[in-house]
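# Structural description and commentary
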Amino acid sequence: MAQAANGTLYRGREGMWSWVAHRISGVLIFLFLFAHVLDTALVRVSPHAYNEVMGAYKNPVVGLAEAGLVAAVIFHALNGLRIIAVDFWAKGPKYQRQLFWGVVIGFVVLFAPFAIRHLTVVFTH
């Protein structure tokens, strides 16, 4: 760790960025679920209003947001597995950096094909 003039300076490596991204992805997933419950509940209040909301969702901005949601879910799930490994595997803390890069590689392998397919559909229809 680097020493600052007035104390210790934490430079934040993979562990810190993983922690931050895990919190952000969790909040984004929560917000989506909240909105999803509300718009689904709308069908009981007014089927016409529900259909209008669903129609409004069929635009490229929402398509990009859907891709962001899938990215958040994939990262959050894989990083959750990394956290479990670090917490419950005796050698987890020793290999936390390698586990982080495993999460990054797994994320790219899972998200890239989805993103290509999904964004192709979003921008061609």
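Here the structure is a predicted model, which means the values were calculated and not measured. Every residue gets a number counted from 1 within its own chain, in the order that chain's sequence is written. Thresholds applied to this predicted model are a pLDDT of at least 70 for local features of residues and 80 or more for the giving and counting of side-chain atom pairs; totals over whole chains, interfaces and linings are not thresholded and use all residues. Calculation of side-chain values draws on the structure's entire complement of heavy atoms; hydrogens and water are dropped beforehand.

### Considering the packing of helix H3 (residues 60-88) against helix H4 (residues 96-124)
The interhelical angle for the contact between H3 and H4, taken along N-to-C directions, is 160 degrees, at an axis separation of 9 Å. Viewed along their axes, H3 and H4 adopt a mutual orientation that is roughly antiparallel. Crossing of H3 over H4 shows right-handed handedness. Each residue is assigned to one of three groups, with Ala, Val, Leu, Ile, Met, Phe, Trp, Tyr, Cys and Pro labelled nonpolar, Asp, Glu, Lys and Arg labelled charged, and all others, Gly among them, labelled polar. Its residues assigned to classes, the contact of H3 with H4 comprises 20 nonpolar, 5 polar and 2 charged. Helix axes are fitted only over the stretch in contact, all axes being lines through C-alpha atoms; the angle between N-to-C directions runs from 0 to 180 degrees. Every helix listed is a DSSP run of H or I at least four residues long, and every strand listed is a run of E at least two residues long, numbered separately from the N terminus. Every angle not falling under 35 degrees, over 145, or within 65 to 115 is termed oblique; those three ranges are roughly parallel, roughly antiparallel and roughly perpendicular. Throughout, a crossing is termed right-handed when the near helix is turned clockwise from the far one, and left-handed when it is turned anticlockwise from it by less than a right angle.

### Overview of the environment of Pro113
One can find Pro113 in helix H4. With a 1.4 Å probe rolled over the protein chains alone, any residue whose accessible area is under 20% of its type maximum counts as buried; one over 50% counts as exposed, and the rest are partly exposed. The partly exposed category is assigned to Pro113, whose relative accessible area is 49%. A C-alpha to C-alpha distance of 19 Å links Pro113 and Asn79, two positions 34 residues apart in sequence.

### Things to note about the UniProt feature "transmembrane region" (unreviewed entry) in the protein chain
UniProt annotation of "transmembrane region" (unreviewed entry) refers to residues 20-38, 58-78 and 99-116 when read in the numbering used here. Secondary structure content for residues 58-78 is 90% helix and 0% strand, while the C-alpha to C-alpha distance between its ends is 29 Å. Taken end to end, residues 99-116 is 100% helix and 0% strand, and its first and last C-alpha atoms sit 26 Å apart. UniProt positions are given in the numbering used here, feature names are shortened, and annotations may be inferred rather than shown by experiment.

### A word on the confidence of the model for the protein chain
Chain-level statistics for the protein chain give a pLDDT mean of 89 and a share of 90% at 70 or above. Scored from 0 to 100, pLDDT records how confident the predictor is in each individual residue. Averaged pLDDT values for the elements of the protein chain fall to 52 in strand S1 (residues 2-4) and rise to 96 in H4.

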